[in-house]
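Listed here are the chains, written in short residue letters.
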Amino acid sequence: MMDHTQYRSAIMADPHDPDADLRAHREACAECRAFTEQLLRFEARLERALLVDIPTRQSCCRSRARVRRHLGGGWRWPPACCWRW
Amino acid sequence: MNDEVGGNQSRARFQALCQSLRPDLLRFAFWLSRDRALAEDVVQESMLRAWKARDSLLDETAAKPWLLTIIRREYARTFERKRFPTVDVDDLVAKEEPMLAAAEEQNINDVRAALMKLPDEYREPLVLQVLMGYSTAEIARELELSGPAVLTRLCRARQLLRAACGEDLSLDPQE
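Rules used in this analysis
- All residue numbers here refer to positions counted from 1 along the written sequence of the relevant chain.
- Lettering of chains starts at A and numbering of ligands starts at 1, both following the order in which they are written.
- The predicted nature of this model means local features are confined to residues of pLDDT at least 70 and side-chain atom pairs, given and counted, to a pLDDT of 80 or more, with totals for whole chains, interfaces and linings taken over all residues.
- The side-chain figures draw on all heavy atoms in the structure; neither hydrogens nor water molecules are used.
- A run of H or I in DSSP counts as a helix once it spans at least four residues, and a run of E counts as a strand once it spans at least two, with each numbered from the N terminus.
- Here's how the labels work: a residue is buried when its accessible area is under 20% of the maximum for its type, exposed when over 50%, partly exposed in between, all with a 1.4 Å probe on protein chains only.
- In what follows, residue pairs with any heavy atoms lying within 4.5 Å of each other are defined as contacts.
- Under the convention used here, a 1.4 Å probe and the Shrake-Rupley method define accessible areas, while residue burial counts only the protein chains that appear.
- A carboxyl oxygen of Asp or Glu within 4 Å of a side-chain nitrogen of Lys or Arg is what we treat as a salt bridge.
- Each axis is a line fitted through C-alpha atoms, taken for helices only over the stretch in contact, and angles between the N-to-C directions span 0 to 180 degrees.
- What sets the label is the angle itself: under 35 degrees gives roughly parallel, over 145 gives roughly antiparallel, 65 to 115 gives roughly perpendicular, and the rest give oblique.
- Basically, the charged four are Asp, Glu, Lys and Arg, the nonpolar ten are Ala, Val, Leu, Ile, Met, Phe, Trp, Tyr, Cys and Pro, and anything else, Gly included, counts as polar.
- Confidence per residue, as judged by the predictor, is encoded in pLDDT with a range of 0 to 100.
- The directions considered for the arc are those from the helix axis to the C-beta atoms.
- We define a polar contact as two N or O atoms separated by no more than 3.5 Å, with the added condition that, inside protein, one atom must be a possible hydrogen donor and the other a possible acceptor, whereas residues neighbouring each other in sequence contribute only through side-chain atom pairs.
- Residues belong to one nonpolar core when they are buried, are Ala, Val, Leu, Ile, Met, Phe, Trp, Tyr or Cys, and are joined through side-chain atoms within 4.5 Å.

Enquirer: Give a detailed account of the overall build of chain A, specifying residues and quantitative values.
Expert: Within chain A, the secondary structure is distributed over four helices and zero strands. Considering chain A as a whole, with its 85 residues, one finds that 41% of them fall into the buried category. Taking contacts inside chain A between residues at least 6 apart in sequence as the whole, the part at least 24 apart equals 47%. Split by element, the accessible area of chain A, about 4800 Å² in all, is 48% carbon and sulfur.

Enquirer: Before we move on, could you go through the pattern of salt bridges and cite the residues and values that matter?
Expert: Residues and elements named next belong to chain B. Taken as a whole, this structure holds 11 salt bridges over all chains when the rule is applied. A salt bridge links Glu-124 to Arg-72; the nearest nitrogen and oxygen atoms lie 2.4 Å apart. Here Glu-124, found in helix H7 (residues 120-130), pairs with Arg-72, found in helix H3 (residues 63-81); they are 52 residues apart in sequence, far enough to count as distant. With a relative accessible area of 17%, Glu-124 lands in the buried category. With a shortest N-O distance of 2.9 Å, Glu-74 and Arg-77 are connected by a salt bridge. With a gap of three residues between them, Glu-74 and Arg-77 both fall in helix H3, about one helical turn apart. Taking relative accessible area as the criterion, Glu-74 reaches 0% and is therefore assigned buried. Relative accessible area serves as the criterion here: at 26%, Arg-77 is assigned to the partly exposed category. It is possible to trace a salt-bridge network through shared partners that takes in Arg-49, Glu-74 and Arg-77.

Enquirer: Can you tell me about the packing of H7 of chain B against helix H9 (residues 147-164) of chain B, naming the residues and giving the values?
Expert: Residue and element names in this part refer to chain B. Contact geometry for H7 and H9: axes closest at 9 Å, N-to-C directions at 100°. The pairing of H7 with H9 is recorded here as roughly perpendicular in orientation. Listed contacts from H9 to Glu-121, Tyr-122, Pro-125, Leu-126, Gln-129 and Val-130 of H7 are Arg-153, Leu-154, Arg-156, Ala-157, Arg-158, Leu-160 and Leu-161. Each residue belonging to the contact of H7 with H9 can be placed in one class, and the counts come to eight nonpolar, one polar and four charged.

Enquirer: How would you summarise the confidence of the model for chain A if you had to cite specific residues and measurements?
Expert: All names here are of chain A. The pLDDT averaged across chain A works out to 77; a share of 64% of its residues lies at or above 70. Note that pLDDT drops below 50 for residues 67-76; the model gives that stretch 14 contacts with residues more than four away or on any other chain. Across residues 80-85, where pLDDT falls below 50, the model places 26 contacts with residues more than four positions away in sequence or in other chains.

Enquirer: Talk me through helix H2 (residues 20-28) of chain A; I want residue IDs and the actual numbers.
Expert: Residue and element names in this part refer to chain A. Residues of H2 that are buried include every one of Leu-22, His-25 and Arg-26, and no others. Here the buried residues of H2 occupy an arc of 100° about the axis, which is enough to place them on one side. Opposite the packed face of H2, turned more than 90 degrees from it, sit the exposed residues Asp-21, Glu-27 and Ala-28. Check the buried side of H2 and you find it contacts helix H1 (4-13) and helix H3 (30-50). Among the residues of H2, the N-terminal cap falls to Asp-19, whose side-chain oxygen and the backbone nitrogen of Asp-21 are separated by 3.0 Å.

Enquirer: Describe the nonpolar core, with residues and values.
Expert: Counting 65 residues, the largest nonpolar core has Trp-31, Leu-115 and Leu-126 of chain B as its most contacted members. Element by element, the count of residues in this core is highest for helix H1 (residues 2-33) of chain B, at 11 residues. Excluding residues that lie within four positions of it along the chain, Leu-126 of chain B makes contacts with Leu-46 of chain A together with Leu-115, Leu-118, Leu-131, Leu-154, Ala-157, Arg-158 and Leu-161 of chain B.

Enquirer: Lay out the packing of H2 of chain A against H3 of chain A with the relevant residues and their values.
Expert: All names here are of chain A. Interhelical geometry of H2 versus H3 gives an angle of 110° and a closest axis separation of 5 Å. If you check the angle between H2 and H3, you find them roughly perpendicular. Across the interface between the two elements, His-25, Arg-26, Glu-27 and Ala-28 of H2 pack against Ala-30, Cys-32, Arg-33 and Thr-36 of H3. Across the contact of H2 with H3, the residue classes break down as three nonpolar, two polar and three charged.

Encoded structure:
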C-alpha cells in the first residue's frame, strides 16, 4: 500500500495520472483527496497560464528577408505577419 | 507537369499542417525562450528547417513532436550562434507584459510570472507535459532523461510554482 508521501509525490508529478494504485489511495485517504483537489485547482490555473495569447497578425516583417535568402527565387514561406495564428 | 502539381499539393499540405500546429509551436517556443520576438524567430527558422527535411517526416500524425524537436534544436542553436546578454528575470517579466497581460485574472498572471522565473530544467518538462500533452516517457525521450528524473523535475516544478504563487504547501510531500 502506497504511503502519503509516495502518493503526493506521484500526483505532483502528474495530477491527471490515472494509475489504479493512486486512485485507490485517494479513495481511502481524505487528506490526500483534499491535497489532490487543491493541486487540481492549481493545475487548472497553470493550464490557463500557459495558453498565452498569440497575436493574429504581426506588424514585423523582418523574417521576410531571411526567408527569401533561404529560398532564393523559388517558393517562399509566408512571413510571420501573413500567418493566421 | 504532374511533378509540379504534386509539388504544389505537397507544399499546400505541409503548409496547412504547420499552420494548424503553429499556435502550439509558438507557445512552446515562447515558454522555452521567455521572449516573444525570439520565439517567433525560432519558429520561423524551424519551419524552414522542417520544410527542407520534410522527407524525414514519414507519418503526419507525428508532425507535432517532430516539429517540437526541431524547435528545441533551433533554440539551442541560437545560443551557439550568439551570446545573449544576461538579463534580470523581473525585467523579462515586465518586457513580456503585453503578452502576459492578456489574462483577465490576476491569479493567472501570478502563475505566468512564476513560470518566467522557473529554472529551465523544471519549466521545459512542465510545458511539454501540460501544454503539449506529453507523457512522462515522451518527455524522458525528448529531454534525454530517465523516467524518474522527469518525475522528480515535474514534482519540483509544481512545488516551486505553488510556493511562488503563495499556495498552501502544508500538505506537500516533505523532501
